Amino acid sequence: GAVVSQHPSWVICKSGTSVKIECRSLDFQATTMFWYRQFPKQSLMLMATSNEGSKATYEQGVEKDKFLINHASLTLSTLTVTSAHPEDSSFYICSARDLGDNSPLHFGNGTRLTVT
Amino acid sequence: KNQVEQSPQSLIILEGKNCTLQCNYTVSPFSNLRWYKQDTGRGPVSLTIMTFSENTKSNGRYTATLDADTKQSSLHITASQLSDSASYICVVSHSNDYKLSFGAGTTVTVRA
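Residues numbered from 1 in each chain as written. Chains lettered and ligands numbered in written order. Predicted model: local features only at pLDDT ≥ 70, side-chain atom pairs only at ≥ 80, totals over all residues. Heavy atoms only, no water.

### Some remarks on the overall build of chain B
What counts, and what does not: Each helix corresponds to a stretch of at least 4 residues labelled H or I by DSSP, and each strand to a stretch of at least 2 residues labelled E; elements are numbered beginning at the N terminus. The globule rule is 2.2 Å times the number of residues to the power 0.38, and the radius of gyration it is compared with is taken over C-alpha atoms. Think of it in three bands: residues with accessible area under 20% of the maximum for their type are buried, residues over 50% are exposed, and the middle band is partly exposed, with areas taken using a 1.4 Å probe on protein chains only. Accessibility throughout is a Shrake-Rupley quantity obtained with a 1.4 Å probe, and a residue counts as covered only by protein chains that appear here. Under the counting rule used here, the positive set is Lys and Arg, the negative set is Asp and Glu, and His together with the chain ends is not counted. To locate a charge, the coordinates of NZ of Lys, CZ of Arg, CG of Asp or CD of Glu are taken.
Check the secondary structure of chain B and you find zero helices and 11 strands. Counting from the amino terminus, helix and strand elements in chain B follow one another as β-β-β-β-β-β-β-β-β-β-β. A compact globule built from 112 residues would reach a C-alpha radius of gyration of about 13 Å, and chain B, at 13 Å, matches this within 12%. When its C-alpha atoms are laid out on the principal axes, chain B stretches across 45 × 25 × 20 Å. Buried residues in chain B amount to 46% of all 112 residues. Per element, the accessible surface of chain B, about 5400 Å² overall, is 48% carbon and sulfur. One way to put it: in chain B the 10 positive side-chain charges average out to a point 5 Å from where the 8 negative ones average out.

This is how it looks when you write it as structure tokens:
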């Protein structure tokens, strides 16, 4: 079945540094990928929609200059958390849709980011 | 106000027992409703997808129902197993722009 691979699964970084998270669709092409963050015991919150070959669409309240998204190919989207702060510590998850709106949305296994 | 409300917030059941989770939504018009299972520290995994014309869909011991008139859905877990311990998330897709609205999830704990 369709698989979305997310890397790394966890990362610890120091304040002020940048961290890049990769999201790959392994056996299908995804023109659109989604990035979420999830705080403990809360549901996923959509951060942005990543469109292949064009600029990402950010949700209200999400700083596009802080969370840089690049979707350079049909199988890869990256999220870069720039100048990370401890409050950026969270669980970041990506997802991709295989084909059509009624197809399953495949999620990556998430990246646990801890900023010290 | 969240357009997808789930209840209960959490529940504990004994292994082998059944349970039912509820999802009420106000999204309109909607394209489809999905139930996902999310293990702790992992990404969500799709259990079922239903369009507005479907009333029920099963996936093993998981059975989802949908009443588009009352805008309610339920997920029934039969003969629960320890591995069913997870968060179950209801997700509704908007027809107009295919945006997704997520419920806050129900945390299920199955005890031996």
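### Comments concerning unusual backbone geometry
Residues other than glycine predominantly adopt negative phi, and peptide bonds predominantly adopt the trans conformation. Backbone torsion omega between histidine 7 of chain A and proline 8 of chain A reads 0°, so that peptide bond is classified as cis. Among the structural elements, proline 8 of chain A can be located in the loop between strand 1 (4-7) and strand 2 (10-13). Of note, the amide linkage connecting serine 7 of chain B to proline 8 of chain B takes the cis form, showing an omega dihedral of -10°. Tracing the chain through its elements places proline 8 of chain B in the loop between strand 1 (4-7) and strand 2 (10-14). One non-glycine residue, alanine 79 of chain B, adopts positive backbone phi at about 50°. Among the secondary structure elements, alanine 79 of chain B is positioned in the loop between strand 8 (72-77) and strand 9 (86-94).

### Regarding the sheet that holds strand 1 of chain A
Strands in a sheet are paired, the pairing made by backbone hydrogen bonds, and the direction either parallel or antiparallel. All names here are of chain A. Note the following rule: Think of it this way: DSSP has to see at least two bridges between two strands before they count as a pair. Between N-to-C directions, angles cover 0 to 180 degrees, with each direction set by a line fitted to C-alpha atoms, over the stretch in contact for helices.
In space, the four strands of this open sheet follow the order 1-3-8-7, with antiparallel pairing throughout. Each edge of the sheet is formed by a strand with only one pairing partner; in this case those strands are strand 1 and strand 7 (67-73). Each neighbouring strand pair of the sheet contributes to a mean axis angle of 15°, computed without reference to strand direction.

### Here we look at the state of the cysteines
Residues and elements named next belong to chain A. What counts, and what does not: For this text, the term disulfide refers to a pair of cysteine sulfurs within 2.5 Å.
Here the structure, examined in full by the defined rule, presents two disulfides over all chains. The residue that forms a disulfide with cysteine 23 is cysteine 94, at a sulfur-sulfur distance of 2.0 Å. Residues cysteine 23 and cysteine 94 are joined by a disulfide whose S-S torsion is about 80°; by sign, that bridge is right-handed. With cysteine 23 in strand 3 (residues 19-25) and cysteine 94 in strand 9 (residues 90-97), this residue pair connects regions lying 71 residues apart in the sequence. Both residues of the pair, cysteine 23 and cysteine 94, count as buried.

### Observations regarding the confidence of the model for chain A
As a general rule, the predicted coordinates of low-pLDDT regions are not to be interpreted in detail. Selection rule: Along the chain, pLDDT gives the predictor's confidence residue by residue, from 0 to 100.
Summarising the model, chain A shows a mean pLDDT of 89, and 94% of its residues fall at 70 or more. Ranking the helices and strands of chain A by mean pLDDT puts strand 11 (residues 111-115) of chain A first, with 96, and strand 10 (residues 105-107) of chain A last, with 86.

### Description of the pattern of salt bridges
What counts is decided by this rule: Each salt bridge in this description consists of a side-chain nitrogen of Lys or Arg and a carboxyl oxygen of Asp or Glu lying within 4 Å of one another.
Counted according to the given criterion, the structure contains four salt bridges over all chains. Taking the shortest distance from any N to any O, the salt bridge between glutamate 22 of chain A and arginine 24 of chain A comes out at 3.5 Å. By relative accessible area, which is 24% here, glutamate 22 of chain A ends up partly exposed. Across the pair arginine 61 of chain B and aspartate 84 of chain B runs a salt bridge, and its minimum N-O distance is 2.8 Å.

### Observations concerning the packing of aromatic side chains
Here is the rule: Two rings from Phe, Tyr or Trp (for Trp, the six-membered ring) form a pair when their centres are within 6.5 Å of each other. A pair whose planes differ by under 30 degrees is stacked, one over 60 is edge-to-face, and the rest are tilted. A ring is scored as having a charge over it whenever the NZ atom of a lysine or the CZ atom of an arginine sits within 6 Å of its centre and within 35 degrees of its normal.
Considering all chains together, one arrives at six aromatic pairs over all chains under this definition. Ring geometry for tyrosine 62 of chain B and tyrosine 88 of chain B: centres 6.0 Å apart, planes at 45°, overall tilted. Of this pair, tyrosine 62 of chain B sits in strand 7 (residues 62-67) while tyrosine 88 of chain B sits in strand 9; the two residues are 26 residues apart in sequence, bridging distant segments of the chain. Each member of the pair, tyrosine 62 of chain B as well as tyrosine 88 of chain B, carries the same accessibility label: buried. The structure contains a cluster of three or more aromatic residues connected by ring pairs, namely Tyr36 and Phe107 of chain A together with Tyr36 and Phe102 of chain B. In this structure, arginine 61 of chain B is placed above the aromatic ring of tyrosine 62 of chain B, and the distance from its NZ or CZ to the ring centre is 5.8 Å.

### Focus: the sheet that holds strand 1 of chain B
Residues and elements named next belong to chain B. Taken in spatial order, the five strands line up as 1-3-8-7-6 in an open sheet, and their pairing is antiparallel. Every interior strand has two partners, whereas the edge strands, strand 1 and strand 6 (56-59), have only one. Between one strand and the next, the sheet's axes are offset by a mean angle of 15°, whatever the strand orientation. Summarising the sheet, strand 3 (residues 19-25) and strand 8 pair through six bridges and their orientation is antiparallel.

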